[in-house]
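Structure assessment
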Amino acid sequence: MNDMLTPLRDAVPDHLEAWLVAALAAFIGVLVALLVHRILFGILRKVASASHSQADNVVVRHLARPSKWAMVALGLVLAAREVPILDSAWERIAGFVMPALIGWIALSIMRALVAAMELRADIDVADNLQARRRRTRLAIFSRIGTFLIVFVTVGLMLLSIPGVRDIGVTLMASAGLAALAVGAAAQPALKALIGGLQMALTEPIRIDDVVIIDGEWGRIEDIRTTYVVVRIWDERRLVVPVSKFLEETFQNWTRKGSELLGTVFLHLDPLADVERLRAEFERQVEANPLWDKRVKGAQVTDTTLDSMELRLLMSARNASDAFDLRCQIREAMLAFIRAEMPEAIAMRRVASATEALWETGEAGMDTGN
């Protein structure tokens, strides 16, 4: 067998043989690295599946891909130690590949930790104030952390290129101009970064908060470093700059809690029986499951020549329940007035001039008699 391979080996040029050896060593290193990664993460997945916590599965899932390529890089490094030509080739790209891998792993670890912590912040429960606060801070710090990791990673990758490194040295030599240029270029990014930190620390809004902004009612769906996504009640999305929540006025209906007061205004005849209407309103509110048993009341808040304004006040657990409760009570009260108290419906009383003169003339005749 060796006698048969010897002529073939002699026919191959020396430099080509060295590259073939390097390729074979790289192939073996990558193959061994992939095999080790598969065995290791197979064990980790079984351990995570056996655990009662979902956080283990989240961490393993986020780290699977970056660790796979990190193992490939490790296999190439070990193979390069034995093959000089592979070692020289690896040195040319290591300064570019290694920062990218390290940044990817750091980003995956951060996202895995954020996802694991979000599992403990369930916002679907009734009292979700603390969960929404935690979700908001996690979202903002995750965006800021992503920005910093990507910024540092790209910077390290660029510094591995000799031309870019020389430019950096030249800029450092003229520090005044460099600082001015970098400051001007980074102003929007720094403003967004500082705005995100201010949003996380002051908490003017949180994930799933109910807000009214630009005349639109909606919930905070996502908070980014530069903008906020508000899900409008009709499923539209309103994209609002972060600065608008920090510098302008808006309504936050769930700042301290989700409970709200709802009002219904009925315009009725001034002679309507208010006590009967109040009793019917209290009966309907107490029978409605959306009422949270905190506040109920009926008051006459205004009068005009032709009508009076009856305000019906009620409370609910959240904004959605308050809206539905108001609609249901309004419909029920109108149905009751139409069926049981039609005399309470407001009517405009208009006396014509002829009728007024006629009544005046009749009064005069009666006086003359």
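Structural data are supplied above this passage.
Presented here is an overview of the structure given in this document.

Only one face of strand 6 (residues 260–268) is covered, namely the face carrying Leu260, Gly262, Val264, Leu266 and Leu268; the face carrying Leu261, Thr263, Phe265 and His267 is uncovered. The pairing of strand 6 with strand 8 (residues 308–316) spans nine bridges and is classified as antiparallel. Paired with Leu260 across the bridge in strand 8 is Ala316.

Spatial strand order, 6-8-7: three strands in an open sheet with antiparallel pairing. Pairing within the sheet leaves two strands with one partner each, and these edge strands are strand 6 and strand 7 (291–303). Within the sheet, the average angular offset between the axes of one strand and its neighbour, ignoring direction, is 20°. Bridging between strand 7 and strand 8 involves eight bridges; their strand directions are antiparallel.

As paired strands, strand 1 (residues 210–213) and strand 2 (residues 216–223) are joined by four bridges and run antiparallel to one another. Bridge pairing links Ile213 to Glu216 in strand 2. Connecting strand 1 to the antiparallel partner strand 2 that follows it, the hairpin turn spans two residues, and Asp214 within it adopts a positive phi of roughly 55°.

Let us now look at the sheet that holds strand 2. Read from one edge of the open sheet, five strands run 4-3-2-1-5, paired in antiparallel fashion. At either margin of the open sheet sits one strand with a lone partner, and together these are strand 4 (237–241) and strand 5 (251–252).

Below, the discussion takes up the nonpolar core. Within the largest apolar cluster, 27 residues are counted, with the highest numbers of intra-cluster contacts made by Leu266, Leu268, Leu277, Phe281, Leu310, Leu312 and Ile329. Elements supplying a minimum of two residues to this core: strand 6, helix 9 (274–287), strand 7, strand 8 and helix 10 (319–340). Sorting elements by how many residues they give to this core places helix 10 first, with seven residues. Beyond its immediate stretch of four places on either side in the chain, Leu266 contacts Met308, Glu309, Leu310, Leu312, Met333, Leu334 and Ile337. One finds Ile207, Val211, Val240 and Phe250 within the second-largest nonpolar core, a separate group that totals 17 residues.

About the thresholds
Residues numbered from 1 in each chain as written. Predicted model: local features only at pLDDT ≥ 70, side-chain atom pairs only at ≥ 80, totals over all residues. Heavy atoms only, no water. Buried < 20%, exposed > 50% of the residue type's maximum accessible area, 1.4 Å probe, protein only. Helix = DSSP H or I, 4+ residues; strand = E, 2+ residues; numbered from the N terminus. Pairing = 2+ DSSP bridges. Axes fitted to C-alpha atoms, helices over the stretch in contact; angles between N-to-C directions. Core = buried A, V, L, I, M, F, W, Y, C linked by side-chain atoms within 4.5 Å. Contact = heavy atoms within 4.5 Å.

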